[in-house]
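Residue-level structure breakdown
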Amino acid sequence: DVKVTQSSRYLVKRTGEKVFLECVQDMDHENMFWYRQDPGLGLRLIYFSYDVKMKEKGDIPEGYSVSREKKERFSLILESASTNQTSMYLCASRTTSGSSSYEQYFGPGTRLTVT
Amino acid sequence: RKEVEQDPGPFNVPEGATVAFNCTYSNSASQSFFWYRQDCRKEPKLLMSVYSSGNEDGRFTAQLNRASQYISLLIRDSKLSDSATYLCVVNLFRWSSASKIIFGSGTRLSIRP
């Protein structure tokens, strides 16, 4: 079974803090994603990485950066957390080959509260 | 206009009923289509892919209408365990970069005993 893990289920940070969210997948997937999910807005793509050291901005990259130094790990960084970044953050991965290509596998999510 | 639109619901139906959701997409270059299911406070999981010819998986049937640019999900003989949010997902092919995955906001379904 594919497993995507996220470093924390719940996180509380103060405004202005630097926040690191870690995501690890164990299936050698090429693509990895960071989304945030807010009521009524659905999942919105923050950043996408199609391979190691490769990244592409999603729909809402402002205030975020990412790092992918190893294939299995994709980190989301909030340089200076703000209250409007309070949200559920979901990491996902997918392969680009084979019969299960395009299916995304999600981690359990990190509920971040910025006070 | 949103790229992928769904009726947010909630749909509240009795156990055993048949329920159908639609999802419309705006970009005709959309390449592949999926339904995901998300339980309360859980991550989304793939329910089924949607093929041009339509496909069925037990009580679930998915249809694609490229001409009208919508996909549908039909659930027959609904169970209490079907209560969840159903997300419509569209994969958009792009020549210049990696394909784009677009999620709908989800349709909430609640099955009552």
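This section reports on the structure supplied with the text. In this text the structure is predicted, and so the values were computed from the model without any measurement.

Turning our attention to the interface of chain A and chain B. Each side of the interface is counted separately: chain A has 19 residues, and chain B has 21 residues. On the chain A side of the interface with chain B, the three residues burying the most area are Leu43(A), Tyr102(A) and Phe106(A), jointly 30% of the side's total. The tally of links from chain A across to chain B stands at 1 salt bridge. Of all elements in the fold, only β4 (31-38), β5 (42-51) and β9 (87-94) of chain A reach the threshold of two or more residues within the side of chain A that touches chain B. Of the residues in the side of chain A that touches chain B, the class split is 9 nonpolar, 5 polar and 5 charged.

A word on the sheet that holds strand β6 (residues 55-57) of chain B. Residues and elements named next belong to chain B. In spatial order, the strands read β1-β3-β8-β7-β6; together these 5 strands make up an open sheet with antiparallel pairing. Either end of the sheet is taken by a strand with one partner, and the two such strands are β1 (4-6) and β6. Here the average twist between neighbouring strands, direction ignored, is 20°. With 6 bridges joining them, strand β7 (residues 60-65) and strand β8 (residues 70-75) adopt antiparallel strand pairing. When the sheet's bridge partners are listed, Asn65 is paired in β8 with Tyr70.

Next up on the list: the layout of surface pockets. Roughly 670 Å³ of volume is contained in the largest pocket. In terms of lining residues, the largest pocket is bounded by 28 residues, among which Gln37(A), Pro39(A), Gln38(B), Thr85(B) and Arg108(B) are the most central. Contributing elements (two or more residues each) for the lining of the largest pocket: β4 and β9 of chain A together with β9 (84-92) and β11 (107-112) of chain B. Split into classes, the residues belonging to the lining of the largest pocket amount to 10 nonpolar, 11 polar and 7 charged.

Attention shifts here to the nonpolar core. One finds Phe21(B), Trp35(B), Ile71(B), Leu73(B), Ile75(B), Tyr86(B) and Leu109(B) to be the most contacted residues of the largest nonpolar core, which totals 25 residues. Residue contacts for Ile75(B): discarding those within four places in its chain leaves Ala17(B), Thr18(B), Val19(B), Phe21(B), Arg59(B), Phe60(B), Asp82(B), Tyr86(B) and Leu109(B). Counting residues in each nonpolar core, the second largest holds 20 residues, with Val4(A), Met32(A), Phe74(A) and Leu76(A) among its members.

This part is about the state of the cysteines. All names here are of chain A. Within this structure, the stated rule accounts for 2 disulfides over all chains. Linked covalently through their sulfurs, Cys23 and Cys91 form a disulfide whose S-S length is 1.8 Å. One quick way to see it: the torsion about the S-S bond of Cys23 and Cys91 is about -75°, and its sign makes the bridge left-handed. With Cys23 in strand β3 (residues 19-25) and Cys91 in strand β9, this pair connects stretches of sequence that are 68 residues apart.

This paragraph deals with the environment of Phe48(A). Residue and element names in this part refer to chain A. Along the polypeptide, Phe48 turns up in strand β5. Owing to a relative accessible area of 3%, Phe48 belongs among the buried residues under this scheme. Separated by 10 residues in sequence, Phe48 and Gly58 have C-alpha atoms that sit 6.4 Å apart.

Calculation notes
Residues numbered from 1 in each chain as written. Chains lettered and ligands numbered in written order. Predicted model: local features only at pLDDT ≥ 70, side-chain atom pairs only at ≥ 80, totals over all residues. Heavy atoms only, no water. Contact = heavy atoms within 4.5 Å. Buried area = accessible area lost by both parts, 1.4 Å probe. Salt bridge = Lys/Arg side-chain N within 4 Å of Asp/Glu carboxyl O. Helix = DSSP H or I, 4+ residues; strand = E, 2+ residues; numbered from the N terminus. Nonpolar A, V, L, I, M, F, W, Y, C, P; charged D, E, K, R; others polar. Pairing = 2+ DSSP bridges. Axes fitted to C-alpha atoms, helices over the stretch in contact; angles between N-to-C directions. 1 Å grid on protein atoms, 1.4 Å probe; cavity = no way out; pocket = protein on both sides within 12 Å on 5 of 7 lines; lining within 4 Å. Points joined across faces, edges and corners; volume = space filled by probe spheres on them. Core = buried A, V, L, I, M, F, W, Y, C linked by side-chain atoms within 4.5 Å. Buried < 20%, exposed > 50% of the residue type's maximum accessible area, 1.4 Å probe, protein only. Disulfide = S-S within 2.5 Å.

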